[in-house]
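Remarks on the overall topology
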Amino acid sequence: MTSAAELLARAAELRPLISDNAERGERDRRIPAETLEALVSAGLFRLVQPKAYGGHELSMTELLEICATVAEADGGTAWVLTLCNTGAWIAGLFPERAQEELWGADPEALICGALPPTSTSRKVDGGHRLTGRWYWSSGSWHASWALLGLPLTDDSGAVVDQGIALVPKAELGFEDTWDMAGMQSTGSNCLIAEDVFVPAHRIVSLPQAVRGELGVHHPRYRAGFGATLTLVLTAPQLGMGRAALRIVRAAADTKAVATTTYARQTDSVAFQLQLAEAATRIDTAHLHTFRAAADIDDAAARGVQPDPVTKARVRADTVWAIEQVRQAIELLLTAHGASGFAHSSALQRIWRDSAVAARHAVAVLPVGLEVYGKALLGREDQITPVL
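Not measured: the values here are computed from a predicted model.

What counts and how
Residues numbered from 1 in each chain as written. Predicted model: local features only at pLDDT ≥ 70, side-chain atom pairs only at ≥ 80, totals over all residues. Heavy atoms only, no water. Helix = DSSP H or I, 4+ residues; strand = E, 2+ residues; numbered from the N terminus. Buried < 20%, exposed > 50% of the residue type's maximum accessible area, 1.4 Å probe, protein only. Contact = heavy atoms within 4.5 Å. Areas by Shrake-Rupley, 256 points an atom, 1.4 Å probe, with all protein chains shown as cover. Lys, Arg positive; Asp, Glu negative; His and termini not counted. Charge placed at Lys NZ, Arg CZ, Asp CG, Glu CD. Arc of directions from axis to C-beta. Pairing = 2+ DSSP bridges. Axes fitted to C-alpha atoms, helices over the stretch in contact; angles between N-to-C directions. Salt bridge = Lys/Arg side-chain N within 4 Å of Asp/Glu carboxyl O. Nonpolar A, V, L, I, M, F, W, Y, C, P; charged D, E, K, R; others polar. Phe/Tyr/Trp six-rings, centres within 6.5 Å; stacked < 30°, edge-to-face > 60°. Lys NZ or Arg CZ within 6 Å of the ring centre and 35° of its normal.

Looking only at helices and strands, the protein chain has 13 helices and eight strands in total. Counting only C-alpha atoms and orienting by the principal axes, one finds that the protein chain spans roughly 80 × 50 × 40 Å. For the protein chain, the proportion of its 387 residues judged to be buried stands at 55%. Contacts in the protein chain between residues far apart in sequence, at least 24 positions, make up 73% of those at least 6 positions apart. Per element, the accessible surface of the protein chain, about 16,000 Å² overall, is 55% carbon and sulfur. Counting 35 positive and 44 negative side-chain charges, the protein chain places the averaged centre of each group 2 Å from the other.

In structure tokens, the structure reads:
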């Protein structure tokens, strides 16, 4: 059995390769094959996959640490690694028959997905027939299966539930739509279903998943569903923040403060203050993130769901951590100077990747704080069912 420490060491060893290929990944709008193969060979896409299919079943804390380490080399690569691992965690909620179809023939199968129910479905004998389009499915260039949100209907056609369907990518259409200012290498393209049959054993209820009512035996897969899917988004940000801080610190001793008498940034009190503030914001992000991860891991170990306030606080921890990193990177670029925006500088890619990732729907700061505020007050008018 491979330990979390060994997997973390493998992630660190791959950073030079990932970094060298980062510019190509951005240009090609997908992870380069060499990088992908190295991550697969290192077992880094199987961090939370069930052990029954060769996975490692790591904790949330361990997952975040490893994915953040990869993000120090490239945020887009870490984003795909994080979300494909999250897809494997969601697949762990499905019945054994579905998991066997997914991993039985190919234990290294990767899973992308998009859970908003941007689709229609029709109940038929043995399952549902699914039609729809799902945008922004990260890792869709590389995955062989997809998790897709859908409305579940009864025999009359009325919507009675919201579900998640596990579908072979070979049964789906694909449209190359991802062309953004940042996170280009995530290849978050559009998946298309046209009257695709999905058997009942490859569909689970989203509300039941949120409430922990799917009858999953392993405690690792009973941890808070919404909290897990939210908190994972911090991992790429943590790594990008650390990388930006390292780059700016390394350059400071030989870089002047333009238009001043300072021949070295390290001698400037103004620079010292900016650097300290940025580092503290990054530290704050880590403290919030790993407190939330510890809460998820503790609940999983005890075989219970986090209480509603804790779930909402994880959402707030997530958005707060992401915002702290985003602001830290902005500050670091200002402290470093305009040269950080040169195409030859990794700083500008980190800045763009962080900024785009920080605009993910579940990372919006005011929304996350409203969710937490309502929970603290015990209000019934919560604005999201996925907690």
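The rest of the description comes next.
Let us now look at helix α6 (residues 96-103). What α6 keeps buried is the set Ala-98, Gln-99, Leu-102 and Trp-103. Along α6, the residues classed as buried sweep out an arc of 110° about the axis, all on the same side. When the buried face of α6 is taken as reference, the exposed residues oriented beyond 90 degrees from it are Glu-96 and Arg-97.

This part covers the sheet that holds strand β2 (residues 119-124). As a general point, the strands of a sheet are linked pairwise by backbone hydrogen bonds and lie either parallel or antiparallel. Read from one edge of the open sheet, four strands run β2-β3-β7-β6, paired in antiparallel fashion. With partners counted over all chains shown, the strands left at the sheet margins are β2 and β6 (173-175), one partner each. Neighbour to neighbour, the strand axes of the sheet diverge by 15° on average, direction disregarded. The pairing of strand β3 (residues 127-137) with strand β7 (residues 189-199) spans eight bridges and is classified as antiparallel. Along β7, the bridge assignment pairs Arg-133 with Ile-192.

A few words on the pairing of β2. Regular strands place side chains that alternate from one sheet face to the opposite one. Bridge count between β2 and β3: six bridges; the pairing is antiparallel. Of the residues in β3, the one forming a bridge with Arg-122 is Arg-129. Linkage of β2 to β3, two consecutive antiparallel strands, is achieved through a turn of two residues, within which Gly-126 is found at a positive phi near 90°.

Pairs can form between side chains of opposite charge whenever their charged atoms are close. Throughout the structure, instances matching the rule amount to 28 salt bridges. With a shortest N-O distance of 3.8 Å, Arg-349 and Asp-74 are connected by a salt bridge. Placement of Arg-349 in helix α12 (residues 346-357) and of Asp-74 in the loop between α4 (60-71) and α5 (75-91) is noted, with a sequence separation of 275 residues between them. Per residue, the accessibility class of Arg-349 equals that of Asp-74, and both read buried. Taking the shortest distance from any N to any O, the salt bridge between Arg-211 and Glu-213 comes out at 3.0 Å. Taking relative accessible area as the criterion, Arg-211 reaches 45% and is therefore assigned partly exposed. Since its relative accessible area comes to 45%, Glu-213 is described here as partly exposed. When salt bridges with common partners are traced through the structure, they connect Arg-15, Glu-72, Arg-242 and Arg-246 into a single cluster.

The next thing to look at is the packing of α4 against helix α10 (residues 269-302). At their nearest, the axes of α4 and α10 sit 8 Å apart, and the two run at 145° to each other. The residues of α10 that touch α4, namely those facing Met-60, Thr-61, Leu-64 and Glu-65, are Thr-289, Phe-290, Ala-293, Ala-294, Ile-296 and Asp-297. When its residues are assigned to classes, the contact of α4 with α10 shows six nonpolar, two polar and two charged.

On to the sheet that holds strand β8 (residues 203-205), then. If you walk across this open sheet you meet the four strands as β1-β4-β5-β8, and the pairing is mixed. Bordering the open sheet on either side are β1 (111-114) and β8, each of which pairs with just one other strand. Taken pair by pair, the neighbouring strands of this sheet meet at an average axis angle of 30°, ignoring direction. Direction of pairing for strand β5 (residues 159-168) relative to β8: antiparallel, over a ladder of three bridges. Note that in β8 the partner of Ala-165 across the bridge is Ile-203. With respect to the sheet, α5 is in contact with β1, β4 (145-153) and β5, its orientation differing from that of β1 by roughly 85°.

Attention now moves to the packing of aromatic side chains. In total, this model carries six aromatic pairs according to the counting rule given. Residues Trp-136 and Trp-178 carry aromatic rings whose centres are separated by 6.2 Å and whose planes lie at 80° to one another, so their mutual orientation is edge-to-face. One end of the pair, Trp-136, is in strand β3; the other, Trp-178, is in the loop between β6 and β7, and 42 residues separate them in sequence. The exposure class assigned to Trp-178 is buried, which follows from its relative accessible area of 7%. With a centroid separation of 4.8 Å and an interplanar angle of 55°, the aromatic rings of Trp-141 and Phe-174 are classed as tilted. Of this pair, Trp-141 sits in the loop between β3 and β4 while Phe-174 sits in strand β6, and the two are 33 residues apart along the sequence. Under the relative-accessibility criterion, Phe-174 is labelled partly exposed at 29%. Pairwise contacts between aromatic rings join Trp-89, Tyr-221 and Phe-225 into one cluster. Geometry around Trp-141 places Arg-30 over its ring, the cationic atom sitting 3.6 Å from the centre.

For the rest of this paragraph, the subject is unusual backbone geometry. Despite not being glycine, Glu-57 has its phi angle at roughly 50°, a positive value. Mapping Glu-57 onto the fold places it in the loop between α3 (33-41) and α4. Residues other than glycine seldom take positive phi values, yet Met-183 does so here, at roughly 55°. With a relative accessible area of 3%, Met-183 lands in the buried category.

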